[in-house]
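# Residue-level structural notes
Listed here are the chains, written in short residue letters.
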Amino acid sequence: MSPESQASEALPSRRRRTPRGGRHRGDESFLLPPGSPTLVLAVPGAARRAGTEIAAELARLVEIEHTGQPAHVGYVEGDEAGLPAVLAGLTQGDPDEPAAVVVPMSTGPDPALESAVRAAVAAAPAPAVAAEPLGPHPLIAEALHDRLADAGLARADRIRMMTMVTGASGFVVATPGGPTAVRQAEVTSVLLASRLAAPVFTASLGDEMAVRGAADQLRASGAASVALAPHLIGLEPEWEYVAAAAAAIGAAHSGPLGAHPALARLAALRYVEALATALAG
């Protein structure tokens, strides 16, 4: 049985809503029954810095589009809106369910963030559960595509139901993290290449030689122009490296994924998966 099916049994009073139309229409959303465990978005870094508005907007989207209940934001550094304090302020509703499910706000493996989440969950006064990070998932490829389109580097031809590349003919998906993160991001790169009908390579954002190597391979294979697609939300400290990495390979770059509706859908999905696993254990 799939995690979604298990969660459906665990949350029998969940109500389905009509999916939105338009560009980001996807699977049907759901409303959680009153008293369900709180969804907490675990954000790297500290509050009151660039990018924190993204977390607040994602929490708003999760509530409006998917759960119908407030989603909380907890930062893994600093005292203001710190994840441990957020978890300490929650009370357990149903004694058979955790008080909270904590979803790491990362597109792939982030050992530091995941370690901070596990520590906060273990120290929480009420039971809590740690979910998996958002990616890899096809929805991240969708979000990357949209951000490239926003930057004028690719566009979707809705009439022909195919993608027309405009500003670039080869793409480097630059991801935070090391080899494990790159391997997982390669799944997203393959999906993105399919959407763009163009070659896509993956490289670690912190490894300038790897980024250069990916761009060189693209140009050697015939790509007339290269664009860099940041495989991050914009909350990560690595966002500061994007402009320099793009300049180093003579490429334009798109913006961060930011508060994309696909990420809100993923946060709700990871919540359901983690809760289903916890209740089945």
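Each remark here, short or long, concerns the structure printed above.
Residues numbered from 1 in each chain as written. Predicted model: local features only at pLDDT ≥ 70, side-chain atom pairs only at ≥ 80, totals over all residues. Heavy atoms only, no water.

Counting buried positions over the five residues of strand E10 (residues 200-204) gives four, a clear majority of the element. On the question of chirality, the crossover connecting strand E9 (residues 170-175) to the parallel E10 by way of helix H6 (residues 179-196) is right-handed. (Buried < 20%, exposed > 50% of the residue type's maximum accessible area, 1.4 Å probe, protein only. Helix = DSSP H or I, 4+ residues; strand = E, 2+ residues; numbered from the N terminus. Right-handed = clockwise from strand over helix to strand, strands pointing away.)

What follows is about the sheet that holds strand E6 (residues 128-130). Sheet architecture is open: four strands sit in the order E4-E3-E5-E6, paired in parallel fashion. Two strands bound the open sheet, and with one partner strand each, they are strand E4 (72-75) and E6. Direction aside, the axes of adjacent strands within the sheet are offset by 30 degrees on average. Of the pairings in the sheet, the one linking strand E3 (residues 38-43) to strand E5 (residues 100-104) comprises five bridges and is parallel in character. Its bridge partner being in E5, Leu-41 is matched across the sheet by Val-103. Running at roughly 130 degrees to E5, helix H9 (residues 261-280) makes contact with E3, E5 and E6 of the sheet. (Pairing = 2+ DSSP bridges. Axes fitted to C-alpha atoms, helices over the stretch in contact; angles between N-to-C directions. Contact = heavy atoms within 4.5 Å.)

The next subject is the pattern of salt bridges. One side chain can pair with another of opposite charge once the charged atoms of both are near each other. Enumeration according to the criterion identifies four salt bridges in this entry. The salt bridge involving Glu-57 is made with Arg-60; its shortest N-O contact spans 2.6 Å. Residue Glu-57 and its partner Arg-60 are both found in helix H2 (residues 52-67); the two are separated by three residues, about one turn of the helix. Its relative accessible area of 28% is what places Glu-57 among the partly exposed residues. Take Arg-60: its relative accessible area is 40%, and that puts it in the partly exposed class. (Salt bridge = Lys/Arg side-chain N within 4 Å of Asp/Glu carboxyl O.)

One way to put it is that H2 packs onto H9 with a least axis distance of 9 Å and a crossing angle of 70 degrees. In terms of orientation, H2 and H9 fall into the roughly perpendicular class. Contacts between H2 and H9 involve Leu-58, Leu-61, Val-62 and His-66 on the former and, on the latter, Pro-261, Leu-263, Ala-264, Arg-265, Ala-267 and Ala-268. (Parallel < 35°, antiparallel > 145°, perpendicular 65-115°, else oblique.)

Here helix H5 (residues 138-150) contains 13 residues, and its C-alpha end-to-end distance of 19 Å stays within 8% of the 18 Å for a straight helix at 1.5 Å per residue. Of all 13 residues that make up H5, ten are buried, and the element is covered over most of its length. Within the sequence span of H5, burial applies to Leu-139, Ile-140, Ala-141, Glu-142, Ala-143, Leu-144, His-145, Asp-146, Arg-147 and Leu-148. Positive backbone phi, at 75 degrees, marks Gly-152, one or two positions downstream of H5. (Expected span 1.5 Å × (residues − 1).)

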